[in-house]
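Residue-level structural notes
Here is how the chains run, residue by residue.
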Amino acid sequence: MSLPRSKAAILERFGDRLQADRAKHAPDWLVGWHYQQVRAGKYPADYPQDFTRYEGPADLVRWFNWGRGAPVLNYLPLDRLKPLIEQAEARDRSVLERLGIGVEPPVLRAFALLDAQDYLFPRLYPRPERHRLRRVLDFGAGFGRQANLLLALEPGATYVAMDAIALPYCLQHVYLGALAGGLADYVEEGRFALDDTATGCHHLPTWRHDLLPDGYFDLAICSQVLPELSPLLAVFVVELLRRVLRPGGVLYIRDHGAVDWNPSGIELARYLEASGFWLEFRPMLRDRVDLHGLPRIWRKPEA
Ligand SMILES: C[S@@+](CC[C@H](N)C(=O)[O-])C[C@H]1O[C@@H](n2cnc3c(N)ncnc32)[C@H](O)[C@@H]1O
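Residues numbered from 1 in each chain as written. Predicted model: local features only at pLDDT ≥ 70, side-chain atom pairs only at ≥ 80, totals over all residues.

1. Observations concerning the overall build of the chain
To keep things clear, this is the line we draw: Comment: elements are numbered from the N terminus, with helices defined as DSSP H or I runs of at least four residues and strands as E runs of at least two. It is over C-alpha atoms that the radius of gyration is taken, and the globule rule equals 2.2 Å times the number of residues to the power 0.38. What counts as a contact here is a pair of residues whose C-beta atoms, placed from the backbone, lie within 7 Å.
Per the secondary structure count, the chain includes twelve helices and eight strands. Its C-alpha atoms give the chain a radius of gyration of 18 Å, within 12% of the compact-globule value 19 Å for 303 residues. Counting only C-alpha atoms and orienting by the principal axes, one finds that the chain spans roughly 45 × 45 × 45 Å. Pairs at least 24 residues apart make up 75% of the contacts formed inside the chain by residues separated by at least 6 positions.

Here is the structure:
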């Protein structure tokens, strides 16, 4: 367990580790961000534009500001959501304070709402105790926001952030380190191990997926990620998540769905069905009208 590195040191480590692992573990198709590469140079002005660069913890604010562009849509009951939103926002504020960054309240609000919704959806209806969601893999984790409420509300939870892109990887390192008071990071330590005693935050680049144990996770999260990957990588990720989820485990997907926005042209539902996942929950909602991003729950069959 190491304390987070500040400034650009972690970026250097990331580059060195990628270089060292390149030949054996990290082919281009696995470490690319298909959508961003195709659309290079066409982002909105406040979007962090160069994902290979990381200037320091203040880059988190740019990412938070990017969330403000998303419309605040919600049909879920506020009496359930409000305490979660407030908790997520307060925790984010104290993370930023620990990093020496002060922000105005609206900066944090959009992600606090998303955090609350994403915490609630996979837990909306009663499930048997064996379906408890304590071990969580967040694939394409952004800055690691899904750890916020998980660590606060699930005692003994294990959160693993996985990413392959330099800027988000560094932001995850800094955010998760400050949120949890330290994290186990493959890029920092050159090793990675998860066993039955593991708790807290862990961090692994996509290209070392081989270090994830079979059948370990209760929940895998892909929020606004899969349609941005190449079809080759999306199929690979679906297979990977099936391998590392335990029988009965949940794959929670939230994005704009293949119909509305699918820049990489993936056939996600077909990949998931072919891989043996069952669709358990898909609300009949309108994306960008009722909610920003449609939540779906796919389950790996129990036996
Ligand atoms: C639109 S962001 C969504 C971030 C986060 N899931 C959220 O909801 O806040 C897409 C994420 O996918 C990640 N990503 C892109 N290519 C990836 C790859 N090859 N392996 C893992 N993550 C990748 C990006 O780095 C980024 O963190």
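2. Let's talk about the site of the ligand
The cut-off we apply is this: Nearness between a residue and a molecule or strand is assessed with a C-beta atom placed from the backbone; a distance within 6 Å qualifies. Lys, Arg, Asp and Glu make up the charged group, whereas Ala, Val, Leu, Ile, Met, Phe, Trp, Tyr, Cys and Pro make up the nonpolar group; the residues left over, Gly among them, are polar.
Taken together, 19 residues lie near the ligand, and Trp33, Gly140, Gly142, Ile165 and Ser223 sit nearest. Looking at the shell around the ligand residue by residue, the class counts come to ten nonpolar, six polar and three charged.

3. A closer look at the packing of helix H4 (residues 59-67) against helix H8 (residues 166-180)
Formally: Helix axes are fitted only over the stretch in contact, all axes being lines through C-alpha atoms; the angle between N-to-C directions runs from 0 to 180 degrees. Orientation categories follow fixed angle ranges, with anything under 35 degrees roughly parallel, anything over 145 roughly antiparallel, 65 to 115 roughly perpendicular, and all other angles oblique.
Direction vectors running N to C along H4 and H8 enclose 105 degrees, while the axes themselves pass 10 Å from each other. In terms of axis orientation, H4 runs roughly perpendicular to H8. Seen from H4, the contacting residues are Asp59, Leu60 and Trp63; seen from H8, they are Leu167, Leu171, Val174 and Tyr175.

4. Here we look at the nonpolar core
Worth spelling out the cut-off: By our criterion, buried Ala, Val, Leu, Ile, Met, Phe, Trp, Tyr and Cys residues that link up through C-beta atoms within 7 Å make up a nonpolar core. Burial is judged by counting other C-beta atoms within 10 Å of a residue's own C-beta: 20 or more means buried, 12 or fewer means exposed, and anything between counts as partly exposed, with every C-beta placed from the backbone.
Counting residues in each nonpolar core, the largest one holds 75 residues, and the members touching the most others are Cys170 and Ala220. In terms of residue count, H8 provides more of this core than any other element does, eleven residues in total. With residues up to four places along the chain from it excluded, the contact list for Ala220 reads Leu137, Phe139, Leu241, Leu245 and Leu251.

5. So, helix H5 (residues 78-98)
To keep it simple, the criterion reads: A helix is expected to reach a length of 1.5 Å times the quantity of its residues less one. The directions from the helix axis to the C-beta atoms form the arc being described.
The terminal C-alpha atoms of H5, which comprises 21 residues, lie 29 Å apart, in line with the 30 Å expected from a rise of 1.5 Å per residue. Listing the buried residues of H5 in full gives Leu84, Ile85, Ala88, Glu89, Asp92, Val95 and Leu96. Projected down its long axis, H5 carries its buried residues within an arc of 135 degrees, all on one side. Exposed side chains of H5 directed beyond 90 degrees from the buried face belong to Asp79, Lys82, Pro83, Glu86, Ser94 and Glu97. In this structure, the buried side of H5 is in contact with H4, helix H6 (105-120), helix H7 (147-153) and H8. The positive-phi residue at the C-terminal boundary of H5 is Gly100, with phi of around 80 degrees.

6. Let's talk about H4
Owing to its 3.6 residues per turn, the α-helix brings residues three or four apart onto one side. All of the buried residues in H4 are Leu60, Phe64 and Gly67. For H4, the arc enclosing every buried residue in end-on projection is 45 degrees, short of the 170-degree limit, so these residues lie on one face. Tucked inside the fold, the buried residues of H4 contact H5, H6 and H8.

7. Observations concerning the packing of H5 against H6
So the rule is basically this: For any pair of crossing helices, the crossing counts as left-handed if the nearer helix is rotated counterclockwise from the farther one by less than a right angle, and right-handed if it is rotated clockwise.
With their axes 8 Å apart at the nearest point, H5 and H6 run at an angle of 125 degrees to one another. As summarised for this structure, H5 and H6 are arranged oblique, according to the angle between their axes. The two elements H5 and H6 meet at a crossing, and its hand is right-handed. For the pair H5 and H6, the contacting residues are Arg80, Leu81, Leu84, Ile85, Ala88, Glu89, Asp92 and Arg93 in the first and Leu108, Arg109, Phe111, Ala112, Leu113, Asp115, Ala116, Tyr119 and Leu120 in the second.

8. Some details on the environment of Arg109
Residue placement: Arg109 occurs in helix H6. Accessibility expressed as a C-beta count within 10 Å gives 18 for Arg109, which makes it partly exposed.

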